Amino acid sequence: MIKLAPSILAADFSKLGEEIKKLDEAGADIIHIDIMDGNFVPNISFGLPVVRDIRKYTKLPFDVHLMIEEPSKYVEQFAKIGADIISIHYESDKHIDRTLNYIKSLGVKAAVAINPGTPTTVLRDLMNIADMVVIMSVNPGFGGQKYIDYSYDKIREIKSYADKLGRDILIEVDGGVDKDNIKKVKDAGANVIVAGSAVFKNGDIKKNIELLKGSM
């Protein structure tokens, strides 16, 4: 089953609780939460207190995407306040095998993300550990960017690696997905699709989610 994970980076922060309730009621499958530190990526979003406070608004899984330096310092805290999946970047962790296993030891699904310029080959060994792989189809740090077309090939490569390993791994695609390309992303092998602007544009969350799911 393909899961839609709206990114609250595109939500109205002044009424974040309400926005999350709307996502829940509209049929979202996962809540995608981008944590940015202004260091690993050129922007700052929000941190632990916000994630803790919005947890009460939904029972949907929280997919916490750590776009930060030294993520291992923070994974335990995010696990304690309600993260169900924690994604860390291959490019930001010096001991990524250890950190992925640490995340799993906390009872949370562990995911590894790669930037557009990073080849999928770096993930081959890690796919025996990770519960999910995240293909960044835009350069991380800002919402509303255009989908990078060579991401389709990267999705297919990850799907091929997973099939060879015999692992039913989650393959998430993050960035620039909308009603016009969501089916092609799915057909390439993605089974978790992040959408930000495409979900929150014009304020009609329910209609936008229905349109995205109908376009798959």
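Definitions and cut-offs
Residues numbered from 1 in each chain as written. Predicted model: local features only at pLDDT ≥ 70, side-chain atom pairs only at ≥ 80, totals over all residues. Heavy atoms only, no water. UniProt positions renumbered as here; feature names shortened; annotations may be inferred. Helix = DSSP H or I, 4+ residues; strand = E, 2+ residues; numbered from the N terminus. Rg over C-alpha atoms; globule rule 2.2 N^0.38 Å. Contact = heavy atoms within 4.5 Å. Areas by Shrake-Rupley, 256 points an atom, 1.4 Å probe, with all protein chains shown as cover. Lys, Arg positive; Asp, Glu negative; His and termini not counted. Charge placed at Lys NZ, Arg CZ, Asp CG, Glu CD. Buried < 20%, exposed > 50% of the residue type's maximum accessible area, 1.4 Å probe, protein only. Pairing = 2+ DSSP bridges. Right-handed = clockwise from strand over helix to strand, strands pointing away. Phe/Tyr/Trp six-rings, centres within 6.5 Å; stacked < 30°, edge-to-face > 60°. Lys NZ or Arg CZ within 6 Å of the ring centre and 35° of its normal. Axes fitted to C-alpha atoms, helices over the stretch in contact; angles between N-to-C directions.

The name given to the chain in an unreviewed UniProt entry is Ribulose-phosphate 3-epimerase, with Clostridium felsineum as the source organism. If you open the UniProt record of the chain and go to Sequence similarities (unreviewed entry), you find "Belongs to the ribulose-phosphate 3-epimerase family."

What follows covers the overall build of the chain. Counting its secondary structure elements, the chain contains eight helices and eight strands. Relative to the 2.2 N^0.38 estimate, which gives 17 Å for 216 residues, the radius of gyration of the chain is 16 Å and therefore close to what a compact globule would have. Its C-alpha atoms put the chain at 40 × 35 × 30 Å along the principal axes. When contacts within the chain are restricted to residue pairs at least 6 apart in sequence, long-range pairs at least 24 apart make up 63% of them. Within the structure as shown, the chain displays about 9800 Å² of accessible surface, and the carbon and sulfur contribution to it stands at 48%. Separation between the mean location of the 29 positive side-chain charges and that of the 31 negative ones in the chain comes to 3 Å.

Turning to the pairing of strand 5 (residues 109–114), a few remarks are in order. The element strand 5 is largely enclosed, with a buried count of five among its six residues. Bridge count for strand 4 (residues 85–89) against strand 5 is five bridges, and the pairing is parallel. By the bridge assignment, Ile 85 is partnered in strand 5 with Lys 109. Regarding the hand of the β-α-β motif, the stretch spanning strand 4, helix 4 (residues 96–105) and strand 5 is right-handed. Looking at chain direction, strand 5 and strand 6 (residues 132–136) are connected through four bridges and run parallel.

The next subject is unusual backbone geometry. With phi around 50°, Glu 70 is a residue other than glycine that occupies positive phi space. Its location among the elements puts Glu 70 in the loop between strand 3 (62–67) and helix 3 (75–80). Look at Glu 70 and you get partly exposed, because its relative accessible area is 45%. In the Ramachandran plot, Asn 202 falls in the positive-phi region, its phi being about 65° despite a non-glycine side chain. In this fold, Asn 202 is placed in the loop between helix 7 (197–200) and helix 8 (205–215).

What follows concerns the packing of aromatic side chains. Under the definition given, this model contains two aromatic pairs. Relative to Tyr 152, the ring of Tyr 147 lies with its centre 4.8 Å away and its plane at 45°, an arrangement referred to as tilted. As far as the burial class goes, Tyr 147 and Tyr 152 line up, both buried. Above the plane of the ring of Phe 62 lies Arg 55, whose end atom (NZ or CZ) is 3.7 Å from the centre. Note that Lys 184 overlies the ring of Tyr 152, its terminal NZ or CZ placed 4.5 Å from the centroid.

Strand order in the open sheet made by the eight strands is 1-8-7-6-5-4-3-2, with parallel pairing throughout. Because the sheet does not close on itself, it has two edges, and the strands there are strand 1 (3–6) and strand 2 (31–36). Between one strand axis and the next, the sheet turns by 25° as a mean value, whatever way the strands run.

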